[in-house]
Amino acid sequence: MFPRKLEELRRNGLYRSFFPCSHLAAERGHATHGAEKVQVWCSNDYLGLSQHPELVRAQIESTVEHGTGSGGSRNIAGTSATHVELETRLAAWHGKERALIFSSGYVANFETLSTLISAIPDIVVFSDARNHRSLIEGILRTGCRKHVFPHNDLDALERALAEYGDDHPKLIVFESVYSMDGDVSPVGAICDLADRYNALTFVDETHAIGTIGPTGAGVCEELGEHRPTFVQGVFGKAVGTVGGYVAGPDGALDYVRSHAPGFIFTTALPQSSMDATLKGLDLVQEGDALRRRLMDNVRYLKGALRAAGIDFIDAESHLVPVMVPGAERVRRVSRRLLEEHGIYVTPINFPSVPRGTERFRVTVPPYRTPEQIDDFVAALRKSLAPE
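Residues numbered from 1 in each chain as written. Predicted model: local features only at pLDDT ≥ 70, side-chain atom pairs only at ≥ 80, totals over all residues. Heavy atoms only, no water.

*Asks:* Mind showing me how you'd approach the overall build of the protein here?
*Replies:* In terms of regular secondary structure, the protein is built from 15 helices and 14 strands. Structurally, the protein occupies a C-alpha span of about 60 × 55 × 50 Å along its principal axes. Classification of the 387 residues of the protein by burial places 52% in the buried group. Long-range pairs, those at least 24 residues apart, make up 70% of the contacts in the protein with a sequence separation of at least 6. Accessible surface for the protein amounts to roughly 17400 Å². Of this, 51% is attributable to carbon and sulfur atoms. Each charge sign in the protein was given a centre, from 41 positive and 49 negative side chains, and these centres are 6 Å apart. (Helix = DSSP H or I, 4+ residues; strand = E, 2+ residues; numbered from the N terminus. Buried < 20%, exposed > 50% of the residue type's maximum accessible area, 1.4 Å probe, protein only. Contact = heavy atoms within 4.5 Å. Areas by Shrake-Rupley, 256 points an atom, 1.4 Å probe, with all protein chains shown as cover. Lys, Arg positive; Asp, Glu negative; His and termini not counted. Charge placed at Lys NZ, Arg CZ, Asp CG, Glu CD.)

In structure tokens:
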């Protein structure tokens, strides 16, 4: 059965290939692939902090002192002093009463949503059509009543909300930055609707953490918007380490802490990783120099793509989707970039994006130079040309 199903995936162009690469801390933006060295232009390490000397040093020093693992789940000797300190800082960062750390952003979304929704009788969930799979699965796990509204469509969301009285429990689930198009949601307007229809809100700030806001706390901070009930974020992108978290009301997250299986029954992240995360948070919060350089690079890249006649989505965020329609075409262009230019960029196709809208999602961290960006665009232009 499985060989047949795998062959069907290959025929439909949906079979997933994985690219083994070992990132090089001494040469940020580069990795080894077998015996070759390649440039990586699709990393989610938006600020380049995963290879920052201060984070590397913090993790090494903590490892020497505390060891390589946590030794247990959070309730069995796995809660270190750094876990407690980091959760306190995260809660304050987002202006919430409590924060809870999970092993990944996916787990944070899935476990928090599935636990909270299951605890509220007759709740109705309103979910943006382009929400991440972790949000979707957390909702589906509960079997609750749900409405999926068209992406960022406030009129459709309001019509759905209006079907239920003020006393009916409601939860709106959405993202601040959507990673495939790089667009930003109307957070304030969604919160206005939540106030009007007495709804809770859960906003996933995964792709905004570290990159947007005066101290990098995301779109909500950029807007001065404190109304979302729950804010989710991650360490594995702009903060440069691993893990995810949710910040929100004390009672609700204390309930999650005591009931979510994916929190209770899994080994805690090592203290050394959390100490590195604290250092990453320091660098993210201490000023906006990294964010300014990131956005300078984004503007430079967009200008170079425009001058080269390469199609891209000119979104508000730091993500630059370069459009290469056709599942086979995007894979072919990716191969040419790798084989002829030593550049790796992941082809993105269905189901991550609709068929016919295949693309690359290009990122340009602060360490990228104008010369590197020019070389990348020139290589991309050559690789897009018919063979």
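*Asks:* What am I meant to see in unusual backbone geometry here?
*Replies:* Note: most residues except glycine have negative phi, and most peptide bonds are trans. Each neighbour pair has its own omega, and for F350 with P351 the value is 10°, a cis peptide bond. A positive phi angle, near 65°, is found at D122, a position not held by glycine. In this structure, D122 sits in the loop between α5 (105-119) and β5 (124-128). Residues other than glycine seldom take positive phi values, yet N198 does so here, at roughly 55°.

*Asks:* I keep staring at helix α13 (residues 289-307) and nothing clicks. Help me out?
*Replies:* Along an α-helix, residues three or four apart share an orientation, since each turn contains 3.6 residues. Helix length check: α13, at 19 residues, gives a terminal C-alpha distance of 27 Å against a target of 27 Å (1.5 Å per residue), a fit within 8%. Within α13, the full set of buried residues consists of L290, R291, L294, N297, V298, L301, K302, A304 and L305. End-on view of α13: buried residues confined to an arc of 165°, all on one side of the axis. Residues R299 and A307 are exposed on α13 and point more than 90 degrees away from its buried face. Residues of α13 that are buried make contact with α12 (271-285), β11 (320-323), β14 (359-362) and α15 (370-384). (Expected span 1.5 Å × (residues − 1). Arc of directions from axis to C-beta.)

*Asks:* Even after reading the chapter, I still don't get the nonpolar core, so can you show me in this structure?
*Replies:* It is characteristic of soluble globular proteins that their nonpolar side chains tend to be buried jointly. One finds L90, F126 and I172 to be the most contacted residues of the largest nonpolar core, which totals 52 residues. Counting 31 residues, the second-largest nonpolar core is a separate cluster that includes C42, A308, V324 and V330. (Core = buried A, V, L, I, M, F, W, Y, C linked by side-chain atoms within 4.5 Å.)

*Asks:* I tried to follow the sheet that holds strand β12 (residues 343-344) on my own but got confused; where do I start?
*Replies:* Strands pair in a sheet through their backbones, by hydrogen bonds, and they do so in one of two ways: parallel or antiparallel. Taking strand neighbours across the sheet as the criterion, the four strands line up as β1-β2-β3-β12 in an open arrangement whose pairing is mixed. Since the sheet does not close on itself, it has two edges, and those belong to β1 (22-23) and β12, each with one partner. Judged from the two bridges that link them, strand β3 (residues 36-40) and β12 form a sheet pairing that is parallel. The residue of β12 that forms the bridge with Q39 is I343. (Pairing = 2+ DSSP bridges.)

*Asks:* Even after reading the chapter, I still don't get the sheet that holds strand β10 (residues 244-248), so can you show me in this structure?
*Replies:* Read across the sheet, seven strands follow the order β4-β10-β9-β8-β7-β5-β6 without closing on themselves; strand pairing throughout is mixed. The open sheet is flanked by β4 (98-102) and β6 (145-149), the only strands paired with a single partner. Across the sheet, the mean angle separating the axes of adjacent strands is 20° when strand polarity is ignored. Pairing geometry for β5 and β6, over five bridges, is parallel. (Axes fitted to C-alpha atoms, helices over the stretch in contact; angles between N-to-C directions.)

*Asks:* Which parts of the structure should I look at to understand the packing of aromatic side chains?
*Replies:* Think of a pair of aromatic rings as described by two things: how far the centres are apart, and how the planes are tilted against each other in angle. Summed over all chains, the structure comprises six aromatic pairs. Judged by centre distance (5.6 Å) and plane angle (70°), the rings of F102 and F263 are edge-to-face. Residue F102 is found in strand β4, and its partner F263 is found in helix α11 (residues 261-264); the two are separated by 161 residues along the sequence. Classification of F102 as buried rests on a relative accessible area of 3%. Classification of F263 by relative accessible area gives buried; the value is 7%. (Phe/Tyr/Trp six-rings, centres within 6.5 Å; stacked < 30°, edge-to-face > 60°.)

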